[in-house]
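# A structural walkthrough
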Amino acid sequence: LQWKQEQYSLYYYGSEEWYAAIEKAEAFDWKGAMDIWMNRLSVDDPLKRACAAYNIATACYMMGDCHLALQWLDIADENADLLVSAGLRKRINSSLQGRR
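What you see is a predicted model, and the numbers here were worked out from it, not measured in a lab.

Taken as a whole, this structure holds four aromatic pairs when the rule is applied. Ring centres 6.0 Å apart and planes at 55° place the aromatic pair Tyr8 and Tyr61 in the tilted group. Taken together, the positions of Tyr8 in the segment before helix 1 (16-26) and Tyr61 in helix 3 (residues 46-62) put the pair 53 residues apart, joining distant regions of the chain. According to the relative accessible area criterion, Tyr61 is buried, its value standing at 13%.

For the structure on display, the rule yields five salt bridges. In this structure, Asp35 engages Lys31 in a salt bridge whose closest nitrogen and oxygen atoms are separated by 2.8 Å. Of this pair, Asp35 and Lys31 are both found in helix 2 (residues 30-39), four residues apart, which corresponds to roughly one turn of the helix. Owing to a relative accessible area of 51%, Lys31 belongs among the exposed residues under this scheme. Asp77 is the salt-bridge partner of Arg89, the closest N and O atoms lying 2.8 Å from each other. Taken together, the residues span a long stretch of sequence, with Arg89 in helix 5 (residues 85-98) and Asp77 in helix 4 (residues 66-79) at a distance of twelve residues. Given the relative accessible area of 21%, Arg89 is considered partly exposed. One continuous salt-bridge network, built from bridges that share partners, spans Asp74, Asp77 and Arg89.

Cut-off values and rules
- Residues numbered from 1 in each chain as written.
- Predicted model: local features only at pLDDT ≥ 70, side-chain atom pairs only at ≥ 80, totals over all residues.
- Heavy atoms only, no water.
- Phe/Tyr/Trp six-rings, centres within 6.5 Å; stacked < 30°, edge-to-face > 60°.
- Helix = DSSP H or I, 4+ residues; strand = E, 2+ residues; numbered from the N terminus.
- Buried < 20%, exposed > 50% of the residue type's maximum accessible area, 1.4 Å probe, protein only.
- Salt bridge = Lys/Arg side-chain N within 4 Å of Asp/Glu carboxyl O.

This is the structure we're talking about:
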């Protein structure tokens, strides 16, 4: 077994809640971060909703739930066109193909 280093992008905005979610993600508390991002899904700004959904997709992927991650990416894509969405989708699909 060999570890490989990977980098993932997360979106955040300049508020306490967004920073708290990022801190939880950095500590690998994906569930805690998701709880905060879930609260951001009800905002009026579609870009912020997309960012929250994208972050939730990343968390689902990091916790091993690729199918749920794809569903959250779909929600993100419905709200806004995020630059990193396609890259995460490719990683998730590659993981799913590797499990077959």
